[in-house]
Amino acid sequence: HLRLPPVLACAGAHCSGPCGMGNNAVCCEGNAPVFTLQVFKEQLELSRRKMKDEKPEVYVLVKEVLLKEDAQPSFSPAKFQLQGIQVDVQVEITGTNMQLVQELGMETAMKLMDKVGVSASTKQRSSELNGKMPTGNSPKVAGCTSLIEPKERKEEGPEKVASGAGGWEKGEEAKVFDVTAVFTMTKELGEDDVSVHARDLETVVHGHKQVIQSDSLRKHIEGALAKRAAEIVAQQAKDRGYRVPNSK
C-alpha cells in the first residue's frame, strides 16, 4: 500500500496510483491532492508578520488556531472555504499614544490603554483630545471613557511626561495585547491569493472580555492570516510538484 505524507491525503475513495508527483503522492478525484486541516493549522501558527511599516508599526503573531470538532479533516488547495475557525493572535503596535488612537480609533485605543496599564492622566488627556483629532475609522462612541479613572493630573513626576500635549505625541513605545477572532478563509480556483474575513474580535481587560470594533485592526489580522495561508498553499504545491489548475 502506498503511504501518504502527512500534508497530503485523499479527499475520498476515488483514488488511483502514483500520478507523476513522486512516489509519495497519489492522484485523487480530479488529480488534486488535499491538505489535512491539522497540518495546515500547525503551519499557520507561530507565524509573525509586519503589517504596517509607517508609524505606528503593526505586527501580528498567530498564536493558536482552534479547530471545531466537526471540522472537515482535509481540503483541496485548489479551491476551499474554511468557516467559523477561531484564532488567537498577539498584536504589537509601536508608536505614540496619539498614533495608537489614529490607527485603532478612540474606543479601541482606550480599552487597550487600560489593558496595558497606561496611566490615568494619560488616558484623561486622550479624552480631552477626542473630537479634536482624527481617530481612524472608529467614530466617538457614547460612554467610551468609562475605563478612565478620574484623577487630577500632577505637574511633577513621571505622569507629566505622558500627559502633556507634547508628551502625547512623543514617548514612542510598543503596546502588546492578545485578540481572539473568528474567521472564514476562502481560495477560489485559479487564484493565488487567499481571502480572509474576520469577525467577533475580543480582548480581555481586567478579567473581562471586551468587544473590539476597529476596521484597521480587523484588516491587519485578516491580512496576516491571508498572506501566511497563501504562502503555505504555494509552498506545498511547489514541494509536491502540484500545479493549481487555472479557472480559465
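**With respect to the overall build of the chain**
A count of helical and extended segments in the chain gives 7 helices and 9 strands. Looking at the chain as a whole, 48% of its 248 residues qualify as buried. Intrachain contacts of the chain at a sequence separation of at least 6 include 69% that bridge at least 24 residues. Carbon and sulfur atoms form 47% of the exposed surface of the chain, whose accessible area is close to 13,400 Å².

**Here's the deal with the packing of aromatic side chains**
For any pair of aromatic rings, the description consists of the separation of the ring centres together with the inter-plane angle of the planes. Inspection of every chain in the model, using the stated rule, returns 5 aromatic pairs. Here Phe40 and Phe75 contribute two aromatic rings whose centre-to-centre distance is 5.1 Å and whose plane-to-plane angle is 75°, an arrangement assigned as edge-to-face. Placement of the pair is Phe40 in helix 1 (residues 37-44) and Phe75 in strand 5 (residues 74-75), with a sequence separation of 35 residues. Comparing Phe40 with Phe75 shows no difference in burial state: the two are buried. Three or more aromatic residues joined by ring pairs form one cluster here, namely Phe35, Phe40, Phe75 and Phe80.

**Observations concerning the pattern of salt bridges**
The full count for this structure, using the stated rule, is 15 salt bridges. Here Glu107 ties to Lys111 by a salt bridge, and the two come within 3.8 Å at their closest N and O atoms. Of this pair, Glu107 and Lys111 are both found in helix 3 (residues 106-116), 4 residues apart, which corresponds to roughly one turn of the helix. There is no split in this pair, since Glu107 and Lys111 are both buried.

**Regarding the confidence of the model for the chain**
Per-residue confidence for the chain gives a mean pLDDT of 73, with 61% of residues at or over 70. The spread of mean pLDDT over the elements of the chain runs between helix 5 (residues 159-163), the lowest at 35, and strand 4 (residues 57-66), the highest at 97.

**Description of the sheet that holds strand 7 (residues 173-187)**
Spatially, 3-4-6-7-8-9 is the arrangement adopted by the 6 strands of the open sheet, whose pairing is antiparallel. A strand with exactly one partner marks an edge of an open sheet, and here the two such strands are strand 3 (48-52) and strand 9 (208-211). Looking at each pair of strands side by side, their axes are set apart by 35° on average, direction ignored. Examined bridge by bridge, strand 8 (residues 195-205) and strand 9 share 4 bridges and lie antiparallel to one another.

**Details of helix 1**
Among all positions of helix 1, only Leu37, Val39, Phe40, Lys41 and Leu44 are buried. Structurally, helix 1 contributes buried residues whose contacts are with strand 2 (34-36), strand 4, strand 5, strand 6 (80-95), strand 7 and helix 7 (215-240). Once helix 1 finishes, Leu46 follows within two positions and takes phi at roughly 70°, a positive value.

**Let's talk about the side chain of Glu45**
Note on placement: Glu45 falls in the loop between helix 1 and strand 3. On the accessibility criterion, Glu45 (16% relative accessible area) is buried. At 2.8 Å, the side chain of Glu45 and the backbone nitrogen of Val65 are in polar contact.

**Focus on the packing of helix 1 against helix 7**
Packed helices, taken two at a time, are described by their axes: the angle between them and the distance between them. Orientation of helix 1 relative to helix 7, taken along the N-to-C sense of each, is 125°, at an axis distance of 10 Å. By the angle between their axes, helix 1 is oblique relative to helix 7. Considering the relative orientation of helix 1 and helix 7, their crossing is right-handed. Along the contact surface, helix 1 presents Phe40, Gln43 and Leu44, while helix 7 presents Leu225, Arg228, Ala229, Ile232 and Gln236.

**Observations concerning the pairing of strand 3**
Across a regular strand the side chains alternate sides, sitting on one face of the sheet and then on the other. Sheet analysis places strand 3 next to strand 4, joined by 4 bridges and oriented antiparallel. Across the sheet, Arg48 pairs through a bridge with Leu61, a residue of strand 4. Hairpin connection of strand 3 to strand 4: 4 residues between the antiparallel strands.

Thresholds, definitions, all that
Residues numbered from 1 in each chain as written. Predicted model: local features only at pLDDT ≥ 70, side-chain atom pairs only at ≥ 80, totals over all residues. Heavy atoms only, no water. Helix = DSSP H or I, 4+ residues; strand = E, 2+ residues; numbered from the N terminus. Buried < 20%, exposed > 50% of the residue type's maximum accessible area, 1.4 Å probe, protein only. Contact = heavy atoms within 4.5 Å. Areas by Shrake-Rupley, 256 points an atom, 1.4 Å probe, with all protein chains shown as cover. Phe/Tyr/Trp six-rings, centres within 6.5 Å; stacked < 30°, edge-to-face > 60°. Salt bridge = Lys/Arg side-chain N within 4 Å of Asp/Glu carboxyl O. pLDDT = per-residue confidence, 0-100. Pairing = 2+ DSSP bridges. Axes fitted to C-alpha atoms, helices over the stretch in contact; angles between N-to-C directions. Polar contact = N/O pair within 3.5 Å; in protein donor to acceptor, adjacent residues only side chain to side chain. Parallel < 35°, antiparallel > 145°, perpendicular 65-115°, else oblique. Left-handed = near helix turned anticlockwise from the far one by under 90°.

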